[in-house]
Amino acid sequence: MFRREAALELHRLTGDPLPHIGVQLHPGMDPEEVGKMIRLLLGISWEQQISWSSAHEALNAWRAAIEKQGVLVFQTSGVALDEMRGTCIPDQPLPVVVLNSKDAPHGRIFTLVHEFVHILLHNGGHQTSRMVGARSPEEQPLEVAANAIAAATLLPAAEFPKVVAQYRGAASGEDNSLRLLAQKVKVSPEAILRRLVTLHQVSAGVYRTKRDAWGKTTWYVKASTGGAIPMQIKTLASAGRGYTRLVLNAYDQRLISTSAASDYLGVKPRHFNNIRRELTAKPALNGS
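The following refers to the structure shown. (Residues numbered from 1 in each chain as written. Predicted model: local features only at pLDDT ≥ 70, side-chain atom pairs only at ≥ 80, totals over all residues. Heavy atoms only, no water.)

Bringing unusual backbone geometry into the picture now. Across the chain, the bulk of peptide bonds are trans and the bulk of non-glycine residues have phi less than zero. Backbone torsion omega between Gln 92 and Pro 93 reads 0°, so that peptide bond is classified as cis. Residue position: Pro 93 is located in the loop between strand E2 (86–89) and strand E3 (96–100). Not every positive phi belongs to a glycine, and Lys 186 is a case in point at roughly 60°. Tracing the sequence through the fold places Lys 186 in the loop between helix H8 (175–185) and helix H9 (189–198). Overall, the relative accessible area of 3% leaves Lys 186 in the buried class. One non-glycine residue, His 200, lies in positive phi territory at about 60°. With respect to the secondary-structure elements, His 200 resides in the loop between H9 and helix H10 (204–217). (Helix = DSSP H or I, 4+ residues; strand = E, 2+ residues; numbered from the N terminus. Buried < 20%, exposed > 50% of the residue type's maximum accessible area, 1.4 Å probe, protein only.)

Glancing now at helix H11 (residues 231–239). Those residues of H11 lying buried are Gln 232, Ile 233, Thr 235, Leu 236, Ala 237 and Ala 239. One or two positions beyond H11, positive phi appears at Gly 240, with a value near 85°.

The tally for this structure, following the rule as stated, stands at 4 aromatic pairs. Geometrically, the ring pair formed by Phe 2 and Tyr 264 is tilted, given 5.9 Å between the ring centres and 50° between the ring planes. Residue Phe 2 is located in helix H1 (residues 2–14), and its partner Tyr 264 is located in helix H13 (residues 258–265); the two are separated by 262 residues in the primary sequence. The buried category is assigned to Tyr 264, whose relative accessible area is 15%. Relative to Tyr 243, the ring of Phe 74 lies with its centre 5.5 Å away and its plane at 85°, an arrangement referred to as edge-to-face. Remark: Tyr 243 occurs in helix H12 (residues 241–252) and Phe 74 occurs in strand E1 (residues 72–76); sequence separation between them is 169 residues. Grouping residues by exposure puts Phe 74 and Tyr 243 together as buried. (Phe/Tyr/Trp six-rings, centres within 6.5 Å; stacked < 30°, edge-to-face > 60°.)

If you want it as C-alpha cells, here you go:
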C-alpha cells in the first residue's frame, strides 16, 4: 500500500522511532479475558464508551486509541460495501487497517476492532490474508476468534448486560429498543444480538430471524449522507491523524517537497494550513 510505504520512508527521513506492538494473541485464548486486556491496552473504559455522544465520536475515539499503538487506520469509499467492510495489512512495523466509509459508523467500529485483533493474532504467528474479499477456509478459525474477541472487547460481559436490562424488548429483538440500545453502547443492533446469544440471553432463532429481516430492510443505523465535508476533515477521515501529522512534520522540516507532501496526502498545498488547524482541534463527529 502506497501510504504505508510512504509512512515507512517518512519515519526513516525524520528519524522518528518506528512503533511496535508487543501483544500476541492466539485463537484459543478466552475472548472475555482478551477483551479486558485490549481495553486496558487501548485505555478505553466502559464508562467512556457509554458517555460518548454519538457513534461518530466513538469511532474517532477507538480509531485514535488504535493509531496510538502504531497502526495506520485509513478509510476508503472506493469499494462496494458488499465486497469489503474492512481489511488489514498485519505486518509490523506500521500495520494497516482499512475501513469502508460507506458503512455506518457502528459497523466501522466493530470492523476496526476486529481487524486490530487480526493484527494481534498475526503477531502471535497466525497468518491472516492481506487481500480484500472472503477469507479462505483455513482462515475461518481466525475469523471466529476475531469476531468473538471484538465482541467481548466492545460489549464486556461484566457491564453490557446491566445496560441491556434498561431497554425492555431488546433481548426479544424489538426494533426500537435495539435502536436505542445501539445508540447507548455505540455498537450495531446485529452485533448486540449476536453478543446476547453468546451470553445466553437471546436464542439463536431470534438472532437469525432479525438478521434475515435486517438484510432486507437495513433500517438500522445508516451512514450519514449530509452535505459537503470540508477538505481538511475529509483528509483526516481518509488518511488518519497519525499519518497526516507524520507527512506535515516531514514537510515542515523540509525533508520532503511540497509536491511530495501533496501526493502523500492527496490534497493541494493550499489545504495544508486548514489541515494543521484541524489536527490541533478535537476530532469532528464525522469519522475523522
